[in-house]
Amino acid sequence: MNRYYCPHCKAKLNPGTKVIFVIGHGGRRGLLLLSPDLGDYAVVLAESIPIDEGRLYHFQCPVCHLDLTSSNNENLVEIVCREPEGTEALVAFSRVAGEHATFVRGPSGVRSFGEHAARYDPVNFFGEGKNGKLDTT
């Protein structure tokens, strides 16, 4: 199973079977639990915050409470992943409710998951080209 970490404080975000985040919108906050399996968009949500399709939610680390919004694309969250074989990758996923788009940048290039991932093409938020090589243009 992949292990996920906060890019700021390095806290493990999936100490059990789900990846845990604090999400918020309009002054309301709650816990959101996601599957650790890439491409699985099942959600467990605290009742304290309603989720509206298409709305952008703020994601925070549950330990250090720092913002997890990607510096490369404001519609994405970025966290660190350690894969079972020991490689480390950067995972970015949509913070728009109902949008299924996940991207993983590791040693072998960029992989995408989800039926909405194409919405981000040809946006190059990792600084790499479609072939996984560094884009120097």
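All chains use their own residue numbering, which begins from 1 and follows the written sequence. Given that this is a predicted model, residues contribute local features only at a pLDDT of at least 70 and side-chain atom pairs are listed and counted only at 80 or more, while totals for whole chains, interfaces and linings are drawn from all residues. Excluding hydrogens and water, the side-chain figures rest on all heavy atoms present in the structure.

K.L.:
I keep staring at the overall build of the protein chain and nothing clicks. Help me out?
P.N.:
Tallying secondary structure elements over the protein chain gives zero helices and nine strands in all. Along the protein chain, helices (α) and strands (β) appear in the sequence β-β-β-β-β-β-β-β-β when read from the amino end. Summary of the burial criterion: residues with accessible area below 20% of their type's maximum are buried, those above 50% are exposed, and those between are partly exposed, where the area comes from a 1.4 Å probe applied to protein chains only. A total of 137 residues make up the protein chain; the buried ones form 40% of that total. Contacts between residues were defined by any pair of non-hydrogen atoms, one from each residue, lying within 4.5 Å. Residue pairs in contact within the protein chain that sit at least 24 positions apart in sequence constitute 38% of those at least 6 positions apart. Accessible area of the protein chain: about 7,500 Å², with a carbon and sulfur share of 51%. For helices the rule is a DSSP run of H or I covering at least 4 residues; for strands it is a run of E covering at least 2, with both sets numbered from the N terminus onward. Here the open area of atoms and residues is found with the Shrake-Rupley method and a 1.4 Å probe, where only the protein chains shown may cover a residue.

K.L.:
What should I look at first to understand the packing of aromatic side chains in this one?
P.N.:
To describe a pair of aromatic rings, you give the distance between the ring centres and the angle between the ring planes. In summary, the pairing rule links any two rings of Phe, Tyr or Trp, Trp by its six-membered ring, whose centres are within 6.5 Å, and it sorts them by plane angle into stacked for under 30 degrees, edge-to-face for over 60 and tilted for everything else. All told, the structure shown has four aromatic pairs when counted by the stated rule. When the ring of phenylalanine 21 is compared with that of phenylalanine 59, the centres are 5.4 Å apart and the planes differ by 75 degrees; the resulting orientation is edge-to-face. With phenylalanine 21 in strand 2 (residues 19–25) and phenylalanine 59 in strand 5 (residues 58–60), this residue pair connects regions lying 38 residues apart in the sequence. Residue phenylalanine 21 is classed as buried on the basis of its relative accessible area of 1%. On the basis of relative accessibility, which here comes to 6%, the residue phenylalanine 59 falls in the buried class. Considering the side-chain rings of phenylalanine 103 and tyrosine 120, the 5.6 Å spacing of their centres and the 75 degrees angle between planes classify their relative orientation as edge-to-face. Taken together, the positions of phenylalanine 103 in strand 8 (residues 102–106) and tyrosine 120 in the segment after strand 9 (109–113) put the pair 17 residues apart, joining distant regions of the chain. Residue phenylalanine 103 is classed as buried on the basis of its relative accessible area of 4%. Look at tyrosine 120 and you get buried, because its relative accessible area is 5%.

K.L.:
Explain the nonpolar core to me, please; I cannot follow it from the model alone.
P.N.:
Core analysis: the biggest nonpolar cluster contains 21 residues, and Leu13, Phe21, Phe59, Ile79 and Phe93 have the highest contact counts within it. Counting only elements with at least two residues in this core, the list comes to strand 2, strand 3 (28–34), strand 6 (76–82) and strand 7 (88–94). Ignoring anything within four residues of it in the chain, the contact list for isoleucine 79 reads Tyr4, Tyr5, Pro7, Leu13, Phe21, Leu68, Ala89, Leu90, Val91 and Phe93. Residues enter a nonpolar core if they are buried and are Ala, Val, Leu, Ile, Met, Phe, Trp, Tyr or Cys, with the set joined through side-chain atoms within 4.5 Å. Counting six residues, the second-largest nonpolar core is a separate cluster that includes Ala92, Ala101, Phe103 and Ala117.

K.L.:
Teacher, can you tell me more about the confidence of the model for the protein chain here?
P.N.:
Reading predicted coordinates in detail is not appropriate for stretches of low pLDDT. Here the protein chain shows a mean pLDDT of 88. Residues at 70 or above account for 88%. For every residue, the predictor reports its confidence as pLDDT, a number between 0 and 100. In the model, residues 129–137 has pLDDT below 50 throughout and makes twelve contacts with residues more than four positions away in sequence or in other chains.

K.L.:
Please clarify how the sheet that holds strand 1 (residues 3–5) should be interpreted in this entry.
P.N.:
Backbone hydrogen bonds hold the strands of a sheet together, and the pairing may be parallel or antiparallel. For two strands to pair, DSSP has to find at least two bridges joining them. Taken in spatial order, the five strands make up an open sheet running 1-6-7-8-9, and their pairing is antiparallel. What marks the edges here is a single partner per strand, and that holds for strand 1 and strand 9. Taking the axes of each pair of neighbouring strands and ignoring which way they run, one obtains an average angle of 30 degrees across the sheet. With four bridges joining them, strand 7 and strand 8 adopt antiparallel strand pairing. Its bridge partner being in strand 8, valine 91 is matched across the sheet by valine 104. Lines fitted to C-alpha atoms define the axes here, with helix axes fitted over just the stretch in contact, and angles between the N-to-C directions of these axes take values from 0 to 180 degrees.

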